[in-house]
Each structure stands twice: as structure tokens, then as C-alpha cells.
Amino acid sequence: MYATFGQLEETIRRYAPDADVASVREAFEICKDPDDEDVDPLGTAEFGVQRPLAVAQSLAELRMDVDTLAVGLLYPAVDDGRLSLARILETFGGDLAELVQ
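All figures in this text were calculated on a predicted structure; none of them were measured in a lab.

Parameters and conventions
Residues numbered from 1 in each chain as written. Predicted model: local features only at pLDDT ≥ 70, side-chain atom pairs only at ≥ 80, totals over all residues. Heavy atoms only, no water. Helix = DSSP H or I, 4+ residues; strand = E, 2+ residues; numbered from the N terminus. Expected span 1.5 Å × (residues − 1). Buried < 20%, exposed > 50% of the residue type's maximum accessible area, 1.4 Å probe, protein only. Patch = residues over 30% accessible without salt bridge, like charges linked within 9 Å, V, L, I, M, F, W, Y side chains within 5 Å. Areas by Shrake-Rupley, 256 points an atom, 1.4 Å probe, with all protein chains shown as cover. Salt bridge = Lys/Arg side-chain N within 4 Å of Asp/Glu carboxyl O. Lys, Arg positive; Asp, Glu negative; His and termini not counted. Charge placed at Lys NZ, Arg CZ, Asp CG, Glu CD. Core = buried A, V, L, I, M, F, W, Y, C linked by side-chain atoms within 4.5 Å. Contact = heavy atoms within 4.5 Å.

A. Geometry of unusual backbone geometry. The backbone phi angle of Arg-63 is positive, close to 65°, even though this residue is not glycine. Among the structural elements, Arg-63 can be located in the loop between α4 (50-61) and α5 (66-79).

Below, the structure written as C-alpha cells:
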């Protein structure tokens, strides 16, 4: 069974009901559709988001903060070559890009 963003958000809400999950949602959307020029040469975006979701879900189960969860989503996409650090820097700023790097 594939993980979903809804499951991740539900896990977050259990331990941090007031958390602003906007950055986590945006990280997920970028992982789902990276929109980089050289992204996803094998056409694996649909399944490629499963690894980032699994990482973020594991971090959520450890009750990590939303920045850490966003990094958990973004890093695997960078590691897979589907997302560039430049895109992360542009979208999220230097602090999050540095954590991903």
C-alpha cells in the first residue's frame, strides 16, 4: 500500500494539532511534481514520491518539527536526482536548503 500525504498530515496532527504544515505540504507538492528542467528522466515521479513520504512519515512518528519533515520529503528527491538544491533554495530559502544539503 502506498503512503499518502493525508496519512502524514494525520500523524502530525496527533502530536502537534496546531502545527503549520504549509511548508510540509509545499515540500510534498514539489516532490510530487518537481518542475525542474532535468527532472525525472525515467518517468518515475508517481512512484518516486513514495520514498520521500516514507522518510517524512518515519520522522513524524518520531514527532519531529515541520522543518525536519519538509527536509525528509525534499532530501530523497534531491538524492534521486529529481529535484535540485537551487529549486529548494528558491522556494524555501537558505536555511531549509542548507538542511537538505
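B. Looking closely at α4. Here α4 contains twelve residues, and its C-alpha end-to-end distance of 16 Å stays within 8% of the 16 Å for a straight helix at 1.5 Å per residue. Along α4, the residues classified as buried are Gln-50, Pro-52, Leu-53, Ala-56, Gln-57, Leu-59 and Ala-60. After α4 finishes, the residue Arg-63 shows a positive phi value of roughly 65°.

C. Highlighting a negative patch on the surface. Among the surface-exposed residues, Asp-65, Asp-67, Asp-95 and Glu-98 lie close enough to one another that they form a single negatively charged patch. Checked against the element boundaries, Asp-67 lands in helix α5. Note on Asp-67: relative accessible area 40%, which makes it partly exposed.

D. Structural context of the nonpolar core. Leu-8, Ile-12, Val-24, Leu-73 and Leu-74 are the most contacted members of the largest nonpolar core, which has 28 residues in total. Put simply, the parts of the chain that give this core at least two residues each are α1 (5-15), α2 (22-32), α4, α5, α6 (85-92) and α7 (94-100). Looking at which element gives the most residues to this core, the answer is α5, with six residues. Aside from chain neighbours lying at most four places away, what touches Val-24 is Phe-5, Leu-8, Ile-12, Val-66, Leu-69, Ala-70 and Leu-73.

E. Molecular detail of the environment of Phe-28. Inspection of the secondary structure puts Phe-28 in helix α2. Residues Phe-28 and Leu-69, spaced 41 residues apart in sequence, show a C-alpha to C-alpha distance of 9.8 Å.

No statement about biological role is implied by the geometric values presented.
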